[in-house]
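Geometric and topological summary
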Number of protein chains: 2
Amino acid sequence: MLGLMQDWPLTCDRIVDHAKTWHGRREIVSRSVEGPVVRTTYAQVHERARRLSNALKGLGIKPGDRVATLAWNTARHIECWYGVMGMGAVCHTLNPRLFAEQLCYIINHADDRVIFTDLTFLPVLLQHRANMPGVKHIVVMTDPAHMDRAAMPGTLCYESLLAENSADCVWGGFDENTAAALCYTSGTTGNPKGVLYSHRSSFLHTLVTMGRDVMGIVEADTVLAVVPMFHANAWGLAYSCAAVGAKLVMPGQKLDGASIHELLESEAVTFSAAVPTVWQTLLIHLRETGGKLTTLKRVVIGGSAVPEAIVRAFRDEFGVTVAHAWGMTEMSPLGTMAAPTADIAAMDPEAQLRIGLKQGRPPLGVELKLVDAAGLPLPHDGATFGRLLVRGPSVAGAYFKGDGGDILDAEGYFDTGDIATIDSHGYMQITDRAKDVVKSGGEWISTIEIENIALGHPKALLTAVIGAAHPKWDERPVLLVKLKPGETAAKEEFLAFLEGKIAKWWTPDDVVFVDDIPLGATGKIDKKLIRERMKDYVLPTARSAAATG
Amino acid sequence: MLGLMQDWPLTCDRIVDHAKTWHGRREIVSRSVEGPVVRTTYAQVHERARRLSNALKGLGIKPGDRVATLAWNTARHIECWYGVMGMGAVCHTLNPRLFAEQLCYIINHADDRVIFTDLTFLPVLLQHRANMPGVKHIVVMTDPAHMDRAAMPGTLCYESLLAENSADCVWGGFDENTAAALCYTSGTTGNPKGVLYSHRSSFLHTLVTMGRDVMGIVEADTVLAVVPMFHANAWGLAYSCAAVGAKLVMPGQKLDGASIHELLESEAVTFSAAVPTVWQTLLIHLRETGGKLTTLKRVVIGGSAVPEAIVRAFRDEFGVTVAHAWGMTEMSPLGTMAAPTADIAAMDPEAQLRIGLKQGRPPLGVELKLVDAAGLPLPHDGATFGRLLVRGPSVAGAYFKGDGGDILDAEGYFDTGDIATIDSHGYMQITDRAKDVVKSGGEWISTIEIENIALGHPKALLTAVIGAAHPKWDERPVLLVKLKPGETAAKEEFLAFLEGKIAKWWTPDDVVFVDDIPLGATGKIDKKLIRERMKDYVLPTARSAAATG
């Protein structure tokens, strides 16, 4: 027997409809690509998004077609999202940090028909225009005054398109499982793969993140969305801020400390979200200038593990609460949030800070499973490492066009590729990537944990741990150290430094001093390249084991 | 094109599964019907609910069958909910405040197969057992020691059933639109009508209420759920507390001031929800005993309009924040919440208090529409009265078995039967019931507003306003006053008291002093009965209009 409740599909147009009706006067403030800080409202964004829907229809776009954006966080970018999704087309966010070749691959793979681009990224598109034959139109997100027709052949002007179209259009009304958005994973191995979000998955993600133990944004908040809309959907802020009617501040392309600080203060921001490097940059700026944070109350940090120093600085120097979050493109992106439980809130501040460095616990709607190599569940004891699997209505079930094949296990879980622990508070901690963890005698050793401890050595500038082949243990850890300029050190200094800080059997079998530890495009250590460079390396212990074996 | 996200049906078993996995040790504390305060956990409730599912299967219950509860708020009642819903049966909450005849009508209309009852309500069920032939089993929610077999012929013992069954059962796995729960409206006119909730509607309601601008409950909260599970689903607390892992305190049958105060303090409650009369009773108790509220931070008040004195007492005497909520059984029940916007938060405390007396604004997932008699939208100006229509995924689309016929308008909206205003902050205020509002010359006059102001007259004990027929204006208001014991008054005193406090054309055409103003079962003024009693009444102005007309 079915219930007798209303049929009300969870579609994203309803989010901005709600914002217009209940929070129409609430502002969206953007540092525009053209320069000035500009102000609009949810009511205006709603109206302009509908004009954009009509404009797209005029350009031949039909429901299901892919329309891409290559843009910074601005109100115009939000208009594009809702305008594209509202008419039933698919909004494909392109990451401008990718190499042009990857960008072209993704545009062609997605069959993008129209690309909305900020002035910043127009040159790279025009330069490679011939390599994206399926793209019918490029729309430059600016006004006629900033259109240089000679330098922008065959492009359309965003503001002209909006001016030429009415806001009278049919929105929504389709199945909630209709595709709404597309985002490609950065893909450290192989080609990038597309995650095709549905209206339902994004709507549910929005509701989940609105929980007070999750993002917990309210109307009275002013939110600075630093995390880019082109990367993991700005952690859902373009939806959740509209849903609650929070004032939204969009930083455009200026993410330096001074620019971020200026917006935080001038707009009286109460909440913000970004990756650790942004906050590191801001904190350095504040210390150099003696700057204060007079309105900011909470920051959510994710994207990579949050360094203790950042949490401590926000807490002790600026009275700002840090919430550590974890997620991935395949999860829309939110997976966990380190919101204190009653037990944790009762701890002393140091203990609270330490547990807050873990990635946190999942809200209702995100299922986590920690399993061993055979797929069997592992205890939530905070010590046992396992592969982290996830399931939920906002988790990918397959990649676009079937890339990567069947990505779910028999129970419908997606493998994150991460190795993690879960403690008795339900707090998950990422300990390694599955492909990086050192498998020693059937047990796993966290390379990240050893790296982080070794980085505490006063002579270390960068550290990395990889697994090296061993005839008896399969793999043993080897520590690579790039010393600070002018320093010299012996292996034994580092081994002695690690003693007592990690389990004895985790102690690296060797320490190798290197000139360079390569970093990837996202600032993370490029272990794939390190392993390539070290492919002829043989562990001293392997040599002796071989000799005596 | 459809998105490629996981198929993860929104079913209620997942809520208690989540609670067990992530908040298994968190407590549910109940004042038991047998007397003592008893403690359990989400893990135990989960396990026992699964035993209950198996017990129901043993009793012949199949998916879709209705299983009723007639019970106070206790952990056992929560086990019943999840045990019944988890196996795909429909949990029908019976309201013990109904007359036996209505109870029998509802039980038979719903085709209840099994009734779970607290000891308190067993006598009435046994007395009327012959009038509910479809009921196969009555399960007494107690342990063997409290079973008086002689006095309870043909009944089953709850704890024995659980002990006899294993927790190993198949849960969930059905369509999210499957019926999960059934609740009958109190129905002031005609027979009660059943609202048949789906798993989807209850799950979405849970997510919506978790928003920080809505109920905003977190794990670190300790929640006293005073609002009964048998009335409007305890405002969703049995779901939302499990969803976030809040400690849950269940008051059983003792709702007097001393008992509520004892639980608030002994369990360190931070959040509670109840109708105004409960808080009125508590406040009187606190004043009489000099009691304090040392842990309570927030109370949500709904069910009927919150009196200003309660908000003021909580704020000024006890430092507790009051949030005014509005909803109805047909809405699962939440409709609006008076959570302050940035504009309101910037007002002085008196202005904030005053606007907080309105019913508030809808979260994403609840659509409100204010319309005139012709169904056309009215402005959100805080002054224009209109019929209040609602739409959303947790709003009824029809009543059980088609009672009441087609209840939605052409756009899918449900008519609440309320007359309301909506102001520029998006705050809705109920001004009257549609059937009570006075229609004077095509304009509407709020009876509730006049009543409330007249009640401020020092001689008034109770006041009521009804519309009386008028040859020129169709209807004109007449004020009924029950004076305080020993008082006497002239009409003119009340008319003078109203002057300047209401629009001149709202002034009642007559004041009638009465011995009695009848109240209905829910404590509200019974205007239907008043109108019956006044059916031969003729307005003085009607007589003169007729004479001169």
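For the structure itself, consult the block above.
On a predicted model such as this, the values are computed, not experimentally measured, just so you know.

1. What to know about the overall build of chain A
Helices and strands together make up the secondary structure of chain A, namely 17 helices and 24 strands. Relative to a compact globule of 549 residues, whose C-alpha radius of gyration would be 24 Å, chain A shows 25 Å and is just as compact. Considering only C-alpha atoms, chain A reaches an extent of 80 × 65 × 50 Å along its principal axes. Within the span of chain A, comprising 549 residues, buried residues form 59% of the whole. Here chain A displays about 20,700 Å² of accessible surface, and carbon together with sulfur accounts for 54% of that area. Distance from the positive charge centre (54 side chains) to the negative charge centre (62 side chains) of chain A: 2 Å.

2. Focus on the interface of chain B and chain A
The interface is formed by 81 residues belonging to chain B together with 80 residues belonging to chain A. Taken together, both faces of the contact between chain B and chain A bury some 5,900 Å²; the carbon and sulfur share is 63%. Together, Gln6, Trp22 and Leu364 of chain B form the three largest contributors to the area buried by chain B at its contact with chain A, with a combined 16%. One salt bridge in this structure joins Arg212 of chain B and Asp221 of chain A, with 3.6 Å as the shortest N-O distance. Run the count over chain B and chain A and you get 38 residue pairs in polar contact (both at pLDDT 80 or more). Listing elements by their share of the side of chain B that touches chain A, those giving two or more residues are α1 (13–23), β9 (194–198), α7 (199–209), α8 (237–244), α12 (342–345), β16 (367–371), β17 (386–391) and β18 (414–422) of chain B.

3. Describing the relation of the copies chain B and chain A
When chain B is fitted onto chain A, the two copies agree to an RMSD of 0.1 Å after a turn of 180 degrees and an axial shift of 0.0 Å. Classification of the inter-copy transformation places it as that of a two-fold axis. When the interface residues of chain B are mapped onto chain A, 99% of them again lie at the interface, so the same face is used by both copies.

4. Remarks on the sheet that holds strand β10 (residues 222–225) of chain A
All names here are of chain A. In space, the 8 strands of this open sheet follow the order β2-β1-β11-β10-β12-β13-β14-β15, with mixed pairing throughout. On the outer flanks of this sheet lie β2 (37–41) and β15 (334–337), each paired with one strand and no other. Sheet twist, expressed as the average angle between the axes of neighbouring strands with direction ignored, equals 20 degrees. In the sheet, strand β13 (residues 298–301) pairs with strand β14 (residues 321–327) via 4 bridges, with the strands oriented parallel. Across the sheet, Val300 pairs through a bridge with Ala323, a residue of β14. Relative to β2, helix α2 (residues 42–58) is tilted by about 80 degrees, and along the sheet it contacts β1 (27–31), β2 and β11 (247–250).

5. Focus: the nonpolar core
For soluble globular proteins, nonpolar side chains are generally found buried alongside one another. Counting residues in each nonpolar core, the largest one holds 190 residues, and the members touching the most others are Phe116 and Leu237 of chain A together with Phe116 and Leu237 of chain B. Non-local contacts of Leu237 of chain A, meaning those with residues more than four positions away in its chain, are made with Met215, Ile217, Val223, Ala225, Val227, Ala242, Phe271 and Ala273 of chain A.

6. A few points about the side chain of His285 of chain A
On the secondary structure map, His285 of chain A appears in helix α10 (residues 276–289). Contact partners of His285 of chain A, with chain neighbours within four places excluded, come to Gly257, Ala258 and His261 of chain A.

7. Section: the pattern of salt bridges
What the rule picks out here adds up to 74 salt bridges over all chains. Ionic pairing is found between Arg354 of chain A and Glu350 of chain A, a salt bridge with its closest N-O pair at 3.6 Å. Residue Arg354 of chain A and its partner Glu350 of chain A are both found in helix α13 (residues 349–355); the two are separated by 4 residues, about one turn of the helix. For Glu308 of chain B, the salt bridge is made with Arg354 of chain B, and the minimal N-O distance between the two is 3.7 Å. Of the two residues, Glu308 of chain B sits in helix α11 (residues 308–318) while Arg354 of chain B sits in helix α13 (residues 349–355), which places them 46 residues apart along the sequence. On the accessibility criterion, Glu308 of chain B (28% relative accessible area) is partly exposed. A network of salt bridges, in which partner residues are shared, links Glu308, Arg312, Arg315, Asp316, Glu350 and Arg354 of chain A.

8. Quick notes on the sheet that holds β17 of chain B
Residues and elements named next belong to chain B. With respect to topology, 4 strands assemble into an open sheet ordered β16-β17-β18-β19, the strand pairing being antiparallel. Pairing within the sheet leaves two strands with one partner each, and these edge strands are β16 and β19 (428–433). In this sheet, adjacent strand axes meet at a mean angle of 45 degrees when their direction is disregarded.

9. Comments concerning the packing of aromatic side chains
Residue and element names in this part refer to chain B. Overall, the coordinates contain 20 aromatic pairs over all chains when judged by the stated rule. Taking 6.2 Å as the distance between ring centres and 85 degrees as the angle between the ring planes, the aromatic pair formed by Tyr82 and Tyr239 counts as edge-to-face. One end of the pair, Tyr82, is in helix α3 (residues 75–86); the other, Tyr239, is in helix α8, with 157 residues separating them in the sequence. The pair Tyr82 / Tyr239 is uniform in exposure class, with both members buried. Residues Trp279 and Phe314 carry aromatic rings whose centres are separated by 5.5 Å and whose planes lie at 80 degrees to one another, so their mutual orientation is edge-to-face.

10. Some words on helix α11 (residues 308–318) of chain A
Residue and element names in this part refer to chain A. Burial in α11 covers these residues: Ile310, Val311, Ala313, Phe314 and Phe318. Along the long axis of α11, the arc covered by the buried residues comes to 165 degrees, so they all point the same way. The inward-facing, buried residues of α11 contact α10, β13, β14 and α13. Immediately downstream of α11, the backbone of Gly319 shows phi near 65 degrees, a positive value.

11. Some words on α10 of chain A
Owing to its 3.6 residues per turn, the α-helix aligns residues three or four sequence positions apart on the same side. All names here are of chain A. Taking 1.5 Å of rise per residue, the 14 residues of α10 would be expected to cover 20 Å, and the 20 Å separating its terminal C-alpha atoms lies within 8% of that figure. Restricting attention to buried positions, one finds in α10 the residues Pro276, Val278, Trp279, Leu282, Leu283, His285 and Leu286. Close packing links the buried residues of α10 with α9 (257–266), β12 (271–274), β13 and α11. Residue Gly290 follows α10 closely and has a positive phi angle near 70 degrees.

12. Digging into the environment of Ile407 of chain A
Residues and elements named next belong to chain A. Counting through the fold element by element, Ile407 comes out in the loop between β17 (386–391) and β18 (414–422). Sequence spacing of Ile407 and Ala396 is 11 residues, and the spatial spacing of their C-alpha atoms is 8.6 Å. Setting aside its immediate chain neighbours within four residues, Ile407 contacts Ala396, Gly397, Ala398, Tyr399, Tyr413, Phe414 and Asp415.

Conventions we followed
- Residues numbered from 1 in each chain as written.
- Chains lettered and ligands numbered in written order.
- Predicted model: local features only at pLDDT ≥ 70, side-chain atom pairs only at ≥ 80, totals over all residues.
- Heavy atoms only, no water.
- Helix = DSSP H or I, 4+ residues; strand = E, 2+ residues; numbered from the N terminus.
- Rg over C-alpha atoms; globule rule 2.2 N^0.38 Å.
- Buried < 20%, exposed > 50% of the residue type's maximum accessible area, 1.4 Å probe, protein only.
- Areas by Shrake-Rupley, 256 points an atom, 1.4 Å probe, with all protein chains shown as cover.
- Lys, Arg positive; Asp, Glu negative; His and termini not counted.
- Charge placed at Lys NZ, Arg CZ, Asp CG, Glu CD.
- Contact = heavy atoms within 4.5 Å.
- Buried area = accessible area lost by both parts, 1.4 Å probe.
- Salt bridge = Lys/Arg side-chain N within 4 Å of Asp/Glu carboxyl O.
- Polar contact = N/O pair within 3.5 Å; in protein donor to acceptor, adjacent residues only side chain to side chain.
- Least-squares fit on C-alpha atoms with pLDDT ≥ 70 in both.
- Pairing = 2+ DSSP bridges.
- Axes fitted to C-alpha atoms, helices over the stretch in contact; angles between N-to-C directions.
- Core = buried A, V, L, I, M, F, W, Y, C linked by side-chain atoms within 4.5 Å.
- Phe/Tyr/Trp six-rings, centres within 6.5 Å; stacked < 30°, edge-to-face > 60°.
- Arc of directions from axis to C-beta.
- Expected span 1.5 Å × (residues − 1).

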